[in-house]
Amino acid sequence: PNHPKGGGIMAEEGIKAIFEPKSVLLVGATGIKERPGVMSPALFTAIISNMSSSYKGKTHVLDLSSRLSGAIKSLKDVPKKQDLVVLTPPPELALKHIRKLVDRGVKAIVIPAGGYKGEQLEQLVRATVRRGVRVLGPNAAMGVLNTANGLCTTFERGLMPRRGKVAFISQDGDLSAAMLDWACFHGVGLSKFASLGDKVDVDEVSLLNYFAQDDDTGAICIYMEWIEEGRKFTEAIREAVKRKPVCILRGIGKGPERAEIFDAAIKQAGAIRARDIEELFDITTALALQPPMRGDRVAIMCNAEGPAMLAAGAIEREGLKLAMLSDDVKKAIKARYPGIDVTNPINMTTVAGEEHYEFILEKVLADPNVDGVMVINMLKSYLLKPEDVEVVAKAAKKSKEKPIVDVAVGGEDHVLVREVLKDKEIPTYDLPEKAARALKALHRYGQVLGREKE
């Protein structure tokens, strides 16, 4: 149990220290020359800037070049028992000091710097992993993020997403920078993020196990290109999905496994495959915020017929069904709003406002013939106002058992509705096709949970 790779208390504490440290030591060398493939002094100072602006815990800075104003100049002056060390110097300089750092009682080390080769990697493992210290990296270029405590060990500026429930694991540093930028731009809420790098210790399995237990995380998404230990990976997925959904986007990769074999293995384990970056975040957001869909019957509510017809087509293409509303629900809606067509999709017409959405959505959610709902709201040339859409979240809170996704077609309208719903745990999309894919993922996860109970 004392060996990190074997699990146990020390291993769990080490992973926790990577994301939830009470104190962080940033180690760099401002006086070194820039070299391709290693961390430059400018990137070290960028990490310092990010941490000082967002991290809520205690930060210490050690400059091994003794040049940085306000930084600790000597290792002997570093307070003992730091939870996390972010180690940015090039390999030869880092390895000169790493045993002394471990001797001072650190629990975990994140190494954004690359350039470790052969014997240097062995030396790194002997000095850290084999002495019970967890290591993320080396070459974990984008580091780690935790939106709850402001931890931001990446060197990129302005890439702290808003707080949310999606944990993101990435094998590739370059692509993960673009993906984080995409998440920030589109308002995707993340709980935590980790760039894996060369994986001398912490890997996908380690993080799946941690995120599966993490209260701030509702769903896990992974970008990957290869996997070394397929059986351990699929077993970790199988255990994680008992608690929360796992979604995977895979590049062609360097591994020998063929795509169809990989797909079959992760599907059997219970993971959901995404086709591109946009879908990865679209469906994982829905999985994190909404309950699983236990059946395949979807009701569509709208104030505009055109988008509803597109939605109906998308629902069928995703292998789902349009729900047949019960007679009781039809009668209740017709009694209150005689002019509304109560077939599915339910067209509430251009006059629909807050009351229409609230009353009809509550009735539809209570219908035993309905497993999930897509709500469509058009703003331009309609009476509906952005703030009216808050009733969608109110109805969802009362229901809790059936998923709801919201669609505001277009650009500006989508942004307005997304702002209203961003903290209400209702996933919002700009196209009905995206919402249909999200419902499909929620149905798939419902099937996974049903299989686990059998």
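First, a word on scope: everything that follows refers to the structure included in this document.

About the thresholds
Residues numbered from 1 in each chain as written. Predicted model: local features only at pLDDT ≥ 70, side-chain atom pairs only at ≥ 80, totals over all residues. Heavy atoms only, no water. Helix = DSSP H or I, 4+ residues; strand = E, 2+ residues; numbered from the N terminus. Rg over C-alpha atoms; globule rule 2.2 N^0.38 Å. Contact = heavy atoms within 4.5 Å. Areas by Shrake-Rupley, 256 points an atom, 1.4 Å probe, with all protein chains shown as cover. Lys, Arg positive; Asp, Glu negative; His and termini not counted. Charge placed at Lys NZ, Arg CZ, Asp CG, Glu CD. Salt bridge = Lys/Arg side-chain N within 4 Å of Asp/Glu carboxyl O. Buried < 20%, exposed > 50% of the residue type's maximum accessible area, 1.4 Å probe, protein only. Expected span 1.5 Å × (residues − 1). Bend = angle between axes of the 7 residues up to and from the residue. Pairing = 2+ DSSP bridges. Axes fitted to C-alpha atoms, helices over the stretch in contact; angles between N-to-C directions. Parallel < 35°, antiparallel > 145°, perpendicular 65-115°, else oblique. Left-handed = near helix turned anticlockwise from the far one by under 90°. Nonpolar A, V, L, I, M, F, W, Y, C, P; charged D, E, K, R; others polar.

Another point: the overall build of the protein chain. Of the regular secondary structure elements, the protein chain holds 15 helices and 18 strands. Relative to its length of 454 residues, the protein chain is compact, with a C-alpha radius of gyration of 25 Å against a globular reference of 22 Å. Principal axes of the C-alpha set define a box for the protein chain whose edges measure 80 × 45 × 35 Å. Here the contacts in the protein chain between residues at least 6 apart in sequence split such that 75% fall between residues at least 24 apart. Summed over all atoms, the accessible surface of the protein chain reaches about 19400 Å², with 51% contributed by carbon and sulfur. The average position of the 65 basic charges and that of the 61 acidic charges among the side chains of the protein chain differ by 6 Å.

All right, on to the pattern of salt bridges then. In a structure, side chains of opposite charge can pair up when their charged atoms sit close to one another. If you walk through the whole model with that rule in mind, you get 29 salt bridges. Between Glu119 and Arg126 there is a salt bridge, with the nearest N and O atoms lying 2.8 Å from each other. Its relative accessible area of 48% is what places Glu119 among the partly exposed residues. Looking at Arg126, the relative accessible area reads 32%, which means it is partly exposed. Residue Asp413 is joined to Lys380 by a salt bridge in which the shortest nitrogen-to-oxygen separation is 2.9 Å. Taken together, the residues Asp413 in helix H14 (residues 412-421) and Lys380 in the loop between strand S16 (372-376) and helix H13 (390-399) connect sequence positions 33 residues apart. Judged by relative accessible area, which is 6%, Asp413 ranks as buried. Judged by its relative accessible area of 47%, Lys380 is partly exposed. Linked by salt bridges that have partners in common, Arg163, Lys192, Asp214 and Asp216 make up one network.

Cis geometry is adopted by the peptide bond preceding Pro138, which originates at Gly137 and carries an omega value of -5°. Topologically, Pro138 is positioned in the loop between strand S5 (134-136) and strand S6 (144-146). With an omega of 5°, the peptide bond between Asn344 and Pro345 qualifies as cis. Secondary-structure assignment places Pro345 in the loop between helix H11 (327-336) and strand S15 (346-347). In the Ramachandran plot, Ser66 falls in the positive-phi region, its phi being about 55° despite a non-glycine side chain. As for its position among the elements, Ser66 is in the loop between strand S2 (58-63) and strand S3 (84-87).

What follows is about the side chain of Asp282. With respect to the element layout, Asp282 can be found in helix H9 (residues 277-289). Buried charge Asp282 goes without a salt bridge, the closest partner of opposite sign being Lys434 at 4.7 Å. The residues contacting Asp282, other than those within four sequence positions of it, are Trp182, Tyr429, Lys434 and Ala438.

This next bit is on helix H3 (residues 91-103). Think of an α-helix as 3.6 residues a turn; residues three or four steps apart then line up on the same face. The terminal C-alpha atoms of H3 lie 19 Å apart, and with 13 residues this matches the ideal 18 Å at 1.5 Å per residue to within 8%. Where H3 bends most, at His97, the angle is about 40°. Of all the positions in H3, only Pro91, Leu93, Ala94, Leu95, Ile98, Leu101 and Val102 are classed as buried. Its buried side turned inward, H3 meets strand S1 (23-28), S3, strand S4 (108-110) and helix H4 (118-127). Gly105 lies just past H3 and shows a positive phi near 90°.

With that out of the way, let us pick up the sheet that holds strand S9 (residues 190-195). With mixed pairing, seven strands are arranged side by side in an open sheet as S7-S6-S9-S8-S10-S11-S12. Unpaired on one side and paired on the other, strand S7 (151-152) and strand S12 (272-273) mark the two borders of the sheet. In this sheet, S12 lies alongside strand S11 (residues 246-250) in parallel orientation, the contact comprising two bridges. Among the inter-strand pairings, Cys247 is bridged to a residue of S12, identified as Ile272.

Running from amino to carboxyl end, H11 crosses helix H12 (residues 354-366) at an angle of 160°, the nearest separation of the two axes being 10 Å. The pairing of H11 with H12 is recorded here as roughly antiparallel in orientation. Crossing hand, H11 versus H12: right-handed. Two secondary-structure elements touch here, H11 through Val329, Ala332, Ile333 and Arg336 and H12 through Glu355, Phe359, Ile360 and Lys363. Residues belonging to the contact of H11 with H12 are distributed by class as follows: five nonpolar, no polar and three charged.

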